[in-house]
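# Structural description and commentary
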Amino acid sequence: MCIPHGAGGSKDNGFIKEDKPKKHIKRVSKEEFEKGDPDFVDERTSVYEPKGKKSFFSAILD
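The notes below deal with the structure included here. These numbers were taken from a predicted model, which means no experiment stands behind them. (Residues numbered from 1 in each chain as written. Predicted model: local features only at pLDDT ≥ 70, side-chain atom pairs only at ≥ 80, totals over all residues. Heavy atoms only, no water.)

## Focus on the overall build of the protein chain
A tally of regular secondary structure across the protein chain gives 2 helices and 0 strands. Put simply, the protein chain shows about 7,900 Å² of open surface, and 56% of that area lies on carbon and sulfur atoms. (Helix = DSSP H or I, 4+ residues; strand = E, 2+ residues; numbered from the N terminus. Areas by Shrake-Rupley, 256 points an atom, 1.4 Å probe, with all protein chains shown as cover.)

Pasting the structure below:
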């Protein structure tokens, strides 16, 4: 005779799931979104300069 899967009951292993705090990002006002943050400080040390593209053969010869 077959026993259904749920007939055996469950075994309590003592595991209690902890409640994690919700991850929330503060919504930015529309004015700040459009005009940017007035308190922003640019901390970059160098200016971005894209590298020039070289052809395959000029890259080999250099």
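## Considering the packing of aromatic side chains
The geometry of an aromatic ring pair comes down to the distance between the two centres and the angle between the two planes. In the structure shown here, the tally under the stated rule is 1 aromatic pair. Judged by centre distance (5.6 Å) and plane angle (75°), the rings of Phe 56 and Phe 57 are edge-to-face. Of the two residues, Phe 56 and Phe 57, both sit in the exposed class. (Phe/Tyr/Trp six-rings, centres within 6.5 Å; stacked < 30°, edge-to-face > 60°. Buried < 20%, exposed > 50% of the residue type's maximum accessible area, 1.4 Å probe, protein only.)

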